[in-house]
Amino acid sequence: MSDVGIGALCFLASLVLIQSGMNIGVALMLLSFVGVWAIKSLAVAGKLLASSVSTSIASDAYAVIPMFVLMGLFVSATNMGRDTFDVAALVLRRIRGALGMATVAANAVFAACTGTTIASASVFTKVAVPEMMRHGHTPRFSVGVVAGSSVLGMLIPPSILMIIFGVIANVSIGDLFTSGILPGIVLAAAFCLTILLLAYLRPGFVAVDPTALKGEYHGPLEGASRWRLIVKMLPIVVLVGIVLGGIYGGFFTPTEAGGAGALTAFVIALVRRELTLKIFWQLALETGRVTAAICFLLMAAALYSQMLTLSGLPYTVGQWLQQAELGFFAILIGYLVVLIILGCFLDSVSIMLIVLPFVIPLFEAFGTNLVWLGLITIIAIEIGLLTPPLGLAVFVVKANLEDQRITTWDIFMGTMPMTITMVVVLVICVLFPWLSLVLVGQKWGWW
Amino acid sequence: MSSIEQRAPQNEQGAPASGAPLLSYFRIFTQALNIAGTLLILIMAIAVNLDIGGRDFFNHPIPGVTEFIGLSIVAVVFLQMANTLHEDRHVSNDIIIRLIANSHPRLTAAIYAVFHMIGAFLMVIIVIYVWPILVEHYQRGYYAGTAEVVEIKIWPFMAVVVIGAATTAVQFLLDARRMVMQAVRRGTADA
């Protein structure tokens, strides 16, 4: 068999094995090992395997993963998410659909402290869903808003997906983080707009009881002084300031920002008396497990992409696409559609691991700006988190719901308007690379 | 997050008495590795902050922190690997296999048994190929950092990789054995 054939076979086999439920890291690593063995020799395969596990992630840049995971867990252990929601609900109370928007706003702020959609989805399912239903919103709308806006967690830095993209595509993680700020704000604004429109045009979808939309709010902060609101928001503002300000201002590398953020979150949790020794240790253990799981995948991805390169498959596909004379735009659209479809079956990290080693060389040949590519890749994959059958964000919401009468289908249906909004924002980000690149200080356009 | 392993914790305590003491020593050992990995993460976090503090307040970054953190992350992964596996926290897509888990529990267990054995096999290969690297680093005393300022020996980190991978191989085999027993057990499997 030709080398290209071996590469293609490994690619297909990885899809099958991962789909069948095998440990993704093991599947990718073993297939790549066998692939390199078939293309070169056993000795080469062994050497590459050894270097993928011992040196491929041996750089301080990868320590960004445990640092941000630790920080996110500290933040999730405190009531900072609830406070942000309460304050946002009070501030927005005069607007129709205020609680929905408060969820989006709180999610956007919270996203700047955690790196995963999962963290956002689980916190706000517990915080926002009961409040919204208590105020007469429909279950579908309540869970839909939470699941939809949780994707902000991956778009607004820090973001585990951006770290993984940066590692695989060899792009500055700091730049990727910075590029997510504006699109994240745009997406949050678009979600709010969608909620506003729904509240006016489809009030029946939003609320069981129309008075819920009149903006009467009875929360814990009702009638609180301005000072009290500021004090409530202070910790999270400081935290976001240190992390985003540190990276954007160039004071910190992403790893340092994560470390400083973890320390700050730790101090905040201590001061708020929300951290016992037992919880602290559990969070540290959890950080270790998440780190091990993600980093093992990255090791596997390193070997997999070496195997693909040796097989010459990406090169051949590139040639083939060139001969087909598909323009950049057609390939881009095809790529995004494939991502969204894969997102219906695979989780975000697997998609990146399998697809990126393939497409990065392709897009590089077109002179594509990889920071921008990373951003739209993440948005497209995140859309998959909200679509059936495998909508990970939806499952997390379901797992954290106390009200078991709400079905997974309800959540999918409730999320639909948010999913459509995301597609619109994806199109905007594709059409205007400026949006992602202006803060990074890069200039690039594909047309 | 495979549901099948979460549903069957009783198999672990219910393991045959012959291997039990050895098994509990192994469990203690993986937990020790896990604790070491967790402490290492906390040390990394402290080191990063000391480095920032040293640089920003005393204009004097701490030499070697960058190198130490880079090596530590690899160690953390292999210290936590067996425990992460034991807690079933590695990433997998189990949507399809979960669909057949209810109607064909024994088939599902058999499939998992094969997956776990493949996992053990991969870990053994890792041990085989990282071992020479460990020996070479140990014999030649390779270090990271700046000569005569901070020299961080690399071999202990490589040793962690070997120990972690070997431990994970055993963990995979234990899981495989559990799944095999589930697959061959009669009658009770449909409970």
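Rules used throughout
Residues numbered from 1 in each chain as written. Chains lettered and ligands numbered in written order. Predicted model: local features only at pLDDT ≥ 70, side-chain atom pairs only at ≥ 80, totals over all residues. Heavy atoms only, no water. Helix = DSSP H or I, 4+ residues; strand = E, 2+ residues; numbered from the N terminus. Contact = heavy atoms within 4.5 Å. Areas by Shrake-Rupley, 256 points an atom, 1.4 Å probe, with all protein chains shown as cover. Phe/Tyr/Trp six-rings, centres within 6.5 Å; stacked < 30°, edge-to-face > 60°. Lys NZ or Arg CZ within 6 Å of the ring centre and 35° of its normal. Salt bridge = Lys/Arg side-chain N within 4 Å of Asp/Glu carboxyl O. Polar contact = N/O pair within 3.5 Å; in protein donor to acceptor, adjacent residues only side chain to side chain. Nonpolar A, V, L, I, M, F, W, Y, C, P; charged D, E, K, R; others polar. Pairing = 2+ DSSP bridges. Expected span 1.5 Å × (residues − 1). Patch = residues over 30% accessible without salt bridge, like charges linked within 9 Å, V, L, I, M, F, W, Y side chains within 5 Å. Buried < 20%, exposed > 50% of the residue type's maximum accessible area, 1.4 Å probe, protein only.

### Let's talk about the overall build of chain B
Of regular secondary structure, chain B possesses seven helices and two strands. If you list the helices and strands of chain B from N to C, you get α-α-α-α-α-α-β-β-α. Nonlocal contacts in chain B, meaning residues at least 24 apart in sequence, comprise 78% of its contacts between residues at least 6 apart. Working note: accessible area of chain B is about 9,600 Å², and carbon and sulfur atoms make up 67% of it.

### Let's talk about the packing of aromatic side chains
Residue and element names in this part refer to chain A. Scanning the model with the defined rule gives 16 aromatic pairs over all chains in all. Among the aromatic side chains, those forming a connected cluster through ring pairs are Phe328, Tyr335, Phe363, Phe366, Trp372 and Trp444. Positioned over the ring face of Tyr200 is Arg96, at 4.8 Å from the centre of the ring.

### Here's the deal with the interface of chain A and chain B
Between chain A and chain B, the contact holds 56 residues from the first and 52 residues from the second. Taken together, chain A and chain B are joined by two salt bridges. Linking Arg55 of chain B and Glu256 of chain A is a salt bridge whose minimum nitrogen-to-oxygen distance equals 2.9 Å. In this structure, the connection of chain A to chain B is made through four residue pairs in polar contact (both at pLDDT 80 or more). Top contributing element to the side of chain A that touches chain B by residue count: helix α15 (residues 277-311) of chain A, with 16 residues. Here the residues of the side of chain A that touches chain B are counted per class, giving 37 nonpolar, 13 polar and six charged.

### Notes on the pairing of strand β2 (residues 150-153) of chain B
Residue and element names in this part refer to chain B. In this sheet, β2 lies alongside strand β1 (residues 143-146) in antiparallel orientation, the contact comprising four bridges. When the bridges of β2 are listed, Ala144 appears paired with Ile152. Linking two consecutive strands that pair antiparallel, namely β1 and β2, is a turn of three residues; a positive phi of about 65° is found at Glu148 within it.

### Section: α15 of chain A
Between its terminal C-alpha atoms α15 of chain A stretches 51 Å, which fits the 51 Å expected from 35 residues at 1.5 Å a residue. With its phi angle positive at about 75°, Gly312 of chain A sits one or two positions after the end of α15 of chain A.

### A few points about a nonpolar patch on the surface
Residue and element names in this part refer to chain A. Judged by side-chain polarity, Val423, Val427, Leu431, Phe432, Trp434 and Val438 come together as a nonpolar surface patch covering roughly 530 Å² of accessible area. Along the polypeptide, Val427 turns up in helix α21 (residues 408-431). On the basis of relative accessible area, Val427 is assigned to the partly exposed category, the value being 41%.

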